[in-house]
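# Observations on the three-dimensional arrangement
Listed below, chain by chain, are the residues.
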Amino acid sequence: MEKLDILSLYPDELAAEIEALGEKKFRAAQIFNWLHVKRAVSFEEMTNISLSLRTKLDDRFYINRLNVAKTLESSIDNTVKYLYELSDGNHVECVLMDYKHGNSLCISTQVGCKMGCQFCASTIAGFKRNLEPSEMLSEIYEAERSSGRKVESLVLMGIGEPLDNFDNVVRFLKLLSCPEGKNLSLRHVSLSTCGLVDRIYKLAELKLGLTLSVSLHAADDKRRSEIMPVNNSYNIEKLLKACRDYIASTGRRISFEYAVIRGVNDSKADADKLIGLLKGMNCHVNLIPVNEIKERDFKSDRRSVLNFQHMLENGGLNVTVRRTLGSDINAACGQLRREYEI
């Protein structure tokens, strides 16, 4: 019989499995606590569980875990970047950042990415597979264990497209917010998507309470299709309709991510188009200085970003510029994995 990934099971699913082993149901709560609160990485650590039950657990389940392959710590702020090695030898990254509101962790949801965005390092190394819920949880648990810092907010904006791994991501989010486990309110979670419209509608139906961040990065279809192939399937009109429907359904404001690329999407005409698209919508625009990667010529500078911000604000949009954290360690996701695996 194939072993089950115990860290990906909901409490009621674990209880059913434990009862099927002929054990008392309350044992499941103890085991869940060991996994998600005490963060045990082996059944041997579960000292209030009998040896016979631990043997049964080892026969029926496995604990999916990852190892830290490399750690980079910024010398200019408290940013820490982790390269994790998964059980099959693949690698993903996450970044721990220090904000006024507390520690925020940016995690990966896939090994690689299929979306092909031209400015993103994650897609260059190719797509390998989806991450399991247990692996996403382990990114958090290991970051907390390694750093000694409590993760108080979460961003699904690392390697991969979260909505392309929809079922696993939703299960992960429900486990993350489970009162018996990490118990992190999903109001402290931001999920970033390049714009998979059908999945945005599915997400809206769940009313999870999280913040949806949509990577827009251009204000017209021609330019967006050039840098984001997903626009050929879901153009700006379809995407923004889905966003308006999401807001109406959930009551939650949407954040639009816009990587400012000098000479590509930062002109006055670009600003005017963006204002025309978004004005009046319950949204926020987050401008991002584009991350420079050696395979692309895209560049950004603070002056052009601030100038673009000024134009958007004059047009009535709510705009901020993302802080650049960990610049001395290339903290943008995808770069460390690519360099490590070359």
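Scroll up a little and you will see the structure.
Attention in this report is confined to the structure presented alongside it. (Residues numbered from 1 in each chain as written. Predicted model: local features only at pLDDT ≥ 70, side-chain atom pairs only at ≥ 80, totals over all residues. Heavy atoms only, no water.)

### Notes on the side chain of D77
Keep this limit in mind: Helical segments are the DSSP runs of H or I of at least four residues, strand segments are the runs of E of at least two, and each set is numbered from the N terminus. Any N or O atom pair separated by 3.5 Å or less is treated as a polar contact, with the protein-specific requirement of one donor-capable and one acceptor-capable atom, and with residues adjacent in sequence counted only for side-chain atom pairs.
Looking at the element boundaries, D77 is found in the loop between β3 (67-73) and β4 (80-85). Of note is the side chain of D77, whose polar atom sits 3.2 Å from the side chain of S74. A distance of 2.7 Å separates a polar atom in the side chain of D77 from a polar atom in the side chain of T79.

### With respect to the sheet that holds β4
Hydrogen bonds between backbone groups are what pair the strands of a sheet, and the pairing can be parallel or antiparallel. Condition: Strand pairing is assigned whenever DSSP detects at least two bridges linking the two strands. Fitted lines through C-alpha atoms serve as axes, helices being fitted only where they are in contact, and the angles separating the N-to-C directions of these axes extend from 0 to 180 degrees.
Taken together, ten strands build an open sheet; the order of strands is β3-β4-β5-β6-β9-β10-β11-β12-β13-β14 and the sheet is mixed. Lying at the two open borders of the sheet, with one neighbouring strand each, are β3 and β14 (319-321). Taking the axes of each pair of neighbouring strands and ignoring which way they run, one obtains an average angle of 25° across the sheet.

### Digging into the packing of helix α4 (residues 133-147) against helix α5 (residues 166-176)
Filter applied, for reference: We call two directions roughly parallel when the angle between them is under 35 degrees, roughly antiparallel when it is over 145, roughly perpendicular when it lies between 65 and 115, and oblique otherwise. Crossings are classed by handedness, with left-handed meaning an anticlockwise turn of the near helix from the far one by less than a right angle and right-handed meaning a clockwise turn. Working rule for contacts: check all heavy atoms of both residues, and any pair within 4.5 Å makes them a contact.
Close contact between α4 and α5 brings their axes to 8 Å; oriented N to C, the two are set at 50°. What the angle tells us is that α4 and α5 run oblique. Crossing handedness for the pair α4 and α5: right-handed. Across the interface between the two elements, P133, M136, L137 and I140 from α4 touch N168, V169, R171, F172, L175 and L176 from α5.

### Description of empty space enclosed by the protein
Quick note on the threshold: Here a cavity is any set of points on a 1 Å grid over the protein atoms alone where a 1.4 Å probe fits but cannot get out, and a pocket is any open set with protein on both sides within 12 Å along at least 5 of 7 lines; a residue lines the site when it has an atom within 4 Å of a point. Grid points are joined across faces, edges and corners, and a volume is the space filled by probe spheres set on the points. Note on residue classes: Ala, Val, Leu, Ile, Met, Phe, Trp, Tyr, Cys and Pro are nonpolar, Asp, Glu, Lys and Arg are charged, and everything else, Gly too, is polar.
Applying the stated criterion across every chain yields a total of two cavities of 30 Å³ or more. Lining the largest cavity are 13 residues, with V41, R65, S138, Y141 and R145 sitting closest to its centre. Element by element, the count of residues in the lining of the largest cavity is highest for α4, at four residues. Each residue belonging to the lining of the largest cavity can be placed in one class, and the counts come to seven nonpolar, two polar and four charged. The volume enclosed by the second largest cavity comes to roughly 40 Å³. As for the second largest cavity, its lining consists of L203, K207, L208, G209, L210, Y246, T250 and R252. For the lining of the second largest cavity, a count of residues per class yields four nonpolar, two polar and two charged.

### Some remarks on the packing of aromatic side chains
Rules: Two rings from Phe, Tyr or Trp (for Trp, the six-membered ring) form a pair when their centres sit within 6.5 Å of each other. Planes less than 30 degrees apart are called stacked, planes more than 60 degrees apart edge-to-face, and all others tilted. Only protein chains enter the accessibility calculation, which uses a 1.4 Å probe; a residue whose area is less than 20% of its type maximum is buried, one above 50% is exposed, and one in between is partly exposed. A positively charged side chain is recorded as over a ring if its NZ (Lys) or CZ (Arg) lies within 6 Å of the ring centre. The angle to the ring normal must also be within 35 degrees.
Under the definition given, this model contains two aromatic pairs. Ring plane angle 5° and centroid distance 5.8 Å describe the contact between Y82 and Y84, whose orientation is recorded as stacked. With 5.1 Å between their ring centres and 20° between their planes, Y258 and F308 make a pair best called stacked. Pair noted here: Y258 is in strand β12 (residues 254-260) and F308 is in helix α10 (residues 302-314), with a separation of 50 residues, a long-range link. Judged by its relative accessible area of 0%, F308 falls in the buried class. The positively charged end of K38 is found above the aromatic ring belonging to W34, 4.1 Å away from the centroid.

### Remarks on unusual backbone geometry
Its identity is not glycine, yet N183 carries a phi of approximately 60°, on the positive side. Within the element layout of this structure, N183 appears in the loop between α5 and β10 (189-193). For H217, which is not glycine, the phi torsion reads 65° and is therefore positive. Within the secondary structure, H217 sits in the loop between β11 (211-215) and α7 (221-227).

### Focus on the environment of L21
With respect to the helices, strands and loops of the structure, L21 is situated in the loop between α1 (11-20) and α2 (26-36). As for L21 and T71, which are separated by 50 residues in sequence, their C-alpha atoms are 40 Å apart. Non-local contacts of L21, meaning those with residues more than four positions away in its chain, are made with K56 and F61.

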